[in-house]
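So you can see what is in the structure, the chains are spelled out below.
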Amino acid sequence: MLFFNYLNSSLRSLVRQKTYLLINLLGLSMGIAAYLVIVMYVTYEKSFDNHIEQGNNIFRVVEVQNEPGVGNQHVAITMGPLARELKNTFPSVKETLRVMPAYQIASVEYNNKLLRETNMMYADPSIFNMFSIKISLGNPNKLLEEPRSLVISEDVAIKYFGSAEKALNSMLLLNNMPYRIEAIMENQTKHSHIYFDILISMSSIEGTPEFEWMDHWGSNSLVTYLLLDNKDQAKEIEKALPQFIKDKIFSQNEGWEFLEMYLQPLDDIYLKSKHIKFQMVYAAGDARTVSIFMVISALILLIACVNYINISLARSVKQAREVGMRKVLGADRMSLVYRFISESLVITLIAILLAVGMLELILPEINSMLGTSFVLDFRKPLFNIGLLLLLVIISLVSGSYPAFYLSRYQPISVLKGGIKSSVKSSYLSKSLVVFQFAISIGLIFSILMINDQIRYIQKKDLGITYSNSLFLFFGQNDFKKLDVLKQSLLENPAIRSVSGSSFINGVSGSQGPIFINDTANTKLTVRYGFVDEDFFKTMNIELIEGRNFDPTIHRDSAGVVILNQSAVKKLGWSDINGKKLSATADGDSTMQPDVIGVIRDYHYYSLRSVIEPAAYFYVPEMFRGVTIKYSAQESRANIEKFIESKWKELFPKTPYQSVFADQYISDTYKSDLKIRNLFVYFAILSMFLSCLGLYGLTSLLIEQKTKTIGIKRALGSSVSSIVFDLVKEYLVLVGLAGLIAIPLSIMFIQRFLDDYSYRVEISFYNIVVAILMAVTIAFITVVFKAGKTANSNPLEALKYE
Amino acid sequence: MNTTMLKTVNLTKIFRTDEVETTALHNVSFQIQSGEFVAIMGPSGCGKSTLLNIIGLLDNPSGGDYYFMGQEVSKFTEKMRANIRKKNIGFVFQNFNLIDELNVYENIELPLIYLGMSSSERKKRVEATLEQMQIMHRRKHFPLQLSGGQQQRVAVARAVVANPHLILADEPTGNLDSAHGEEVMNLLAQLNQSGTTIIMVTHSQHDAEYSQRIVRLFDGQIVNENIRFGKPEISVLDS
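Residues numbered from 1 in each chain as written. Chains lettered and ligands numbered in written order. Predicted model: local features only at pLDDT ≥ 70, side-chain atom pairs only at ≥ 80, totals over all residues. Heavy atoms only, no water.

Draft legend 1. Local environment of the overall build of chain A. A count of helical and extended segments in chain A gives 24 helices and 24 strands. Each principal axis of the C-alpha atoms in chain A carries an extent, and together these give about 105 × 60 × 55 Å. Residues counted as buried form 53% of the 801 residues belonging to chain A. Partitioning the intrachain contacts of chain A with sequence separation of at least 6 by distance along the chain shows that 80% fall at a separation of at least 24. When the accessible area of chain A is evaluated, it comes to approximately 35,000 Å², of which 58% is carbon and sulfur surface. (Helix = DSSP H or I, 4+ residues; strand = E, 2+ residues; numbered from the N terminus. Buried < 20%, exposed > 50% of the residue type's maximum accessible area, 1.4 Å probe, protein only. Contact = heavy atoms within 4.5 Å. Areas by Shrake-Rupley, 256 points an atom, 1.4 Å probe, with all protein chains shown as cover.)

Draft legend 2. Quick look at a nonpolar patch on the surface. On the surface, a nonpolar cluster with roughly 560 Å² of combined accessible area is contributed by Leu302(A), Ile385(A), Leu389(A), Val392(A), Ile393(A), Leu396(A) and Val397(A). Relative to the helices and strands, Leu389(A) resides in helix α11 (residues 381–407). (Patch = residues over 30% accessible without salt bridge, like charges linked within 9 Å, V, L, I, M, F, W, Y side chains within 5 Å. Salt bridge = Lys/Arg side-chain N within 4 Å of Asp/Glu carboxyl O.)

Draft legend 3. Representation of the sheet that holds strand β21 (residues 594–599) of chain A in the model. Residue and element names in this part refer to chain A. With mixed pairing, the six strands of this open sheet are ordered in space as β17-β18-β22-β20-β21-β19. At either end of the open sheet lies a strand with only one pairing partner, and these are β17 (511–515) and β19 (543–546). Looking at each pair of strands side by side, their axes are set apart by 40 degrees on average, direction ignored. Of the strand pairs in this sheet, β19 and β21 are connected by three bridges, and their pairing is antiparallel. Residue pairing for β21: Glu545 is matched across the bridge by Val598. (Pairing = 2+ DSSP bridges. Axes fitted to C-alpha atoms, helices over the stretch in contact; angles between N-to-C directions.)

Draft legend 4. A look at empty space enclosed by the protein. Summed over the entire model, instances satisfying the criterion amount to six cavities of 30 Å³ or more. There is about 90 Å³ of room inside the largest cavity. Contributing to the lining of the largest cavity are Val328(A), Leu329(A), Arg85(B), Lys86(B), Ile89(B), Gly90(B), Phe91(B), Pro111(B), Arg158(B), Ala159(B), Ala162(B) and Pro164(B). Looking at the lining of the largest cavity, the elements with two or more residues in it are α2 (78–88), β6 (89–93) and α5 (148–160) of chain B. Per-element tally for the lining of the largest cavity: the top contributor is β6(B), with three residues. The residue inventory of the lining of the largest cavity, partitioned by class, reads eight nonpolar, one polar and three charged. The calculated volume of the second largest cavity comes to roughly 80 Å³. Surrounding the second largest cavity, Leu462(A), Tyr466(A), His603(A), Tyr604(A), Tyr605(A), Ser606(A), Leu607(A), Tyr664(A), Ile665(A), Thr668(A) and Tyr669(A) form its lining. Its residues assigned to classes, the lining of the second largest cavity comprises eight nonpolar, three polar and no charged. (1 Å grid on protein atoms, 1.4 Å probe; cavity = no way out; pocket = protein on both sides within 12 Å on 5 of 7 lines; lining within 4 Å. Points joined across faces, edges and corners; volume = space filled by probe spheres on them. Nonpolar A, V, L, I, M, F, W, Y, C, P; charged D, E, K, R; others polar.)

Draft legend 5. Seen up close, the interface of chain B and chain A. Each partner contributes to the interface: chain B provides 26 residues, whereas chain A provides 24 residues. Summing the contributions of chain B and of chain A, the shared interface buries around 2,500 Å²; its carbon and sulfur component is 59%. Sorting the residues of chain B by area buried against chain A places Asn97(B), Glu101(B) and Tyr114(B) first, and these three jointly supply 26% of that buried surface. Run the count over chain B and chain A and you get zero salt bridges. With five residues, the top contributor of residues to the side of chain B that touches chain A is helix α3 (residues 104–114) of chain B. Considering only residue class, the side of chain B that touches chain A consists of 13 nonpolar, four polar and nine charged. (Buried area = accessible area lost by both parts, 1.4 Å probe.)

Draft legend 6. Quick look at the sheet that holds strand β4 (residues 63–68) of chain B. All names here are of chain B. Taken in spatial order, the four strands of this open sheet run β2-β1-β4-β5, and their pairing is antiparallel. The sheet terminates laterally at β2 (21–33) and β5 (71–72), the two strands that pair on one side only. Across nine bridges, the pairing between strand β1 (residues 4–16) and β2 is antiparallel. Bridging across to β2, Arg16 finds its partner in Glu21. Helix-sheet contacts for helix α1 (residues 48–55) involve β1, β2 and β4, and the interaxial angle to β2 is about 55 degrees.

Draft legend 7. Structural view of the pairing of β21(A). All names here are of chain A. Counting buried residues along β21, five of its six residues qualify, which places the element largely inside the surrounding structure. With five bridges joining them, strand β20 (residues 560–564) and β21 adopt parallel strand pairing. Following the sheet pairing, Asn564 is matched in β21 by Ile599. Crossover β20 to β21 through helix α17 (residues 565–571) is right-handed. (Right-handed = clockwise from strand over helix to strand, strands pointing away.)

Draft legend 8. How the structure looks around helix α22 (residues 719–754) of chain A. Here α22(A) contains 36 residues, and its C-alpha end-to-end distance of 51 Å stays within 8% of the 52 Å for a straight helix at 1.5 Å per residue. The largest bend along α22(A) measures about 30 degrees and falls at Ala741(A), with the proline Pro743(A) one to four residues further on. (Expected span 1.5 Å × (residues − 1). Bend = angle between axes of the 7 residues up to and from the residue.)

Draft legend 9. Examining the side chain of Ser47(A) more closely. All names here are of chain A. With respect to the helices, strands and loops of the structure, Ser47 is situated in the loop between α2 (18–46) and β1 (58–67). Relative accessible area serves as the criterion here: at 17%, Ser47 is assigned to the buried category. A polar contact is formed between the side chain of Ser47 and the backbone oxygen of Thr43, at a distance of 2.9 Å. (Polar contact = N/O pair within 3.5 Å; in protein donor to acceptor, adjacent residues only side chain to side chain.)

Encoded structure:
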């Protein structure tokens, strides 16, 4: 009964003060909506690989290497015999799994369908059990044991054969070799660190001459997963690993001087692998980004609650009378606390409903921005429990202070004709305003800095010019027709230059040692690049010493090497005169390649990573395709049409596949852009919410000051001087917020920037801009409200009280 | 008729701020019998309202004893005071103090809710009171839709709905014109006739004449107590 009575009076009082109801509802619902979006994002990020049933007991082996010229590095690729030896050595290893992307398969063919597949993988038979793969057609036992056997996804089956039934037991040609389809698996989720739609038996390559390295400990290319009986055994295995490495690996004399290993839980792979190189993964997240967003969402929610608290406190003068009167009539304090909390409960409930409505509207937008497919699923009990929790928490956070504050009034105060808000509560209100603006200023500053960094990356001289270029992928043996391809492409005047190369960035992705032909046989770990004489010119990479490759010189095919500056620096050379390697890239020590030139360091990977030493060889067999530079005047569509037609003429057996440089670049920085976009939204939102709160608060405070304003006006004070007095008060608060926000956000942004090896400095300019923006917005808000009051007839104001 | 409603012995009230100590009441001793209609008068700042607050159990004295219906209550906590208050005392204020967000019916019902009365009993009582105060037709109105006189009528209704033994009125006509003031005074007098004890603070000699006794306060002390006999003829209530 009492509840309805309270509800009645609180709802009516809210409806009467529509502006504040609106501010509260708008603020809370937007805050809640933003919070829910982030919760969905965080849940999504944290639930990668959840489909793997035994995930808790699965680990990935990570190596810690120490490479001359590179230093310590964690790598997720391992040696061929590792899985077998770990299983033999440690009884707690129940199963092992090796996987390796099948990059060298350039064509997949059935009848007249000829395509290049990008999600093919070699795998051990244990993959089905370990990664919970369900077989939808075919005998699920003894899969991928035979050489040249395949398991393909339903989608792939339909793509090539029209149906899973037709695909089963059929043959697919991979690089023109027949492979038998043993079974059809369900389409795999992309919500995983690993993704594949064609699995090839590991036995197809094991023991073949090309993959002879798989029998040795000197080369790392496979990812090794272990399934343990129980996850606690990982610690024991890790303890025994140094001895294992000594016994099994160092004893083989395969060139290891330093090697450590550890087991990374499967659940950590997606989010906690930023420090690991050579991860053959489909998707990688970042635990830090996730936690940053969690903090931001909590802050936004807090801003919304603070608005609520502030407005409640400001309204308190009006409500004090009700509280006092109810107490006179016998209400006790708890029942009044209950009244105010129930009020905030009702408002929060409405706000949550509004937030859910808003989400329905904006989710498509958010999904396209994040590349996700979030939906509001009310059938999920967790979702509903979450909303309920949110309801309780927000109502308590925003309702309890006002409740205890307001219920404190003694009934006697009502007889004295209302109360003025106490000094203490106005301090609280002010610190809450400072808090809100501190968050907004911090976010604005962070956006400006992130923006600077992204612009810096986009504008920075990478040492390589990616504009107007693309890369075409060769199939097996296509390199033999490089000259013909060059000629026929260059017939088109819009095509400026064509060069055989490892990739558009000039390096192959692999890392390995070069040995210097000196007394110490100095070793340097480098990135290999295989390029022809046109590559450096095509991509505007500057040769700073020596000469370029020259096909007219017989020795240049395989016999010479060009280094980048970093390599030369690491070697401590002042020049390259007479310098030689002691073997070629493929380890042929009958030749000692001359170091013929040095190129200026350029960023073959993103600005996040340091430029490692690199060595470039002229080895046409290792070219994975051609890099093409075209004229800026020509349209991309025309260029692509022309190239594709030429390609089909020359390489009827290789599917046409190209990648444009800008695409490759933007993929590299995609996550940064994503972060920036999200940040922009959240900063705007938090600024908006803070202003909303400020507007509400000033409105109420000015209402209370109506009498003062009236008296001042009656005594002849000008509108502008009254407004100035009011504005001054708030500007001081915003300034204070800036002082608090800036050092904190500098710390935060420094951590973001630390991730880049090449980064912008903290800019004073951005600090000033962030504070000025907040000041301006606060100024406009206050002036808007204060001006209205100050302009009104002083008589009205005096009558008011 | 001859039981003692309340009695104060050397009642003192001192207000302290950081620097100033103000004695609002100084050794106030008096006694009020059940069924009396007493007016407290005195200039602004003499301590009238402070006395009324203590009598009404809204505040505790700084010293002295206060017997309310035979019970010494001067050291009671707010919770204990609230408990006595809601059962025994009705309040009428100068500025009405109706809750703007509740309508007439709900405002009058409020004390009964705090008494924990059942809803059917409340309905009976509120309707009887609405009838008695002749404001049945206003029951759905909100305070801001009523004139001052009507609001005070509602406030009086709220004060009497729980059948309190004592009604405290703090300048009940202070915000009303003379016609509406008259009406309210007649209401109070009528209530007194039916047995309710009434204590009223007022500035108005005219209003004070409705009472049987006037207590005059000056600088926190009683300076004069004279017994009078209330107006014999009660004018008929008009709406």
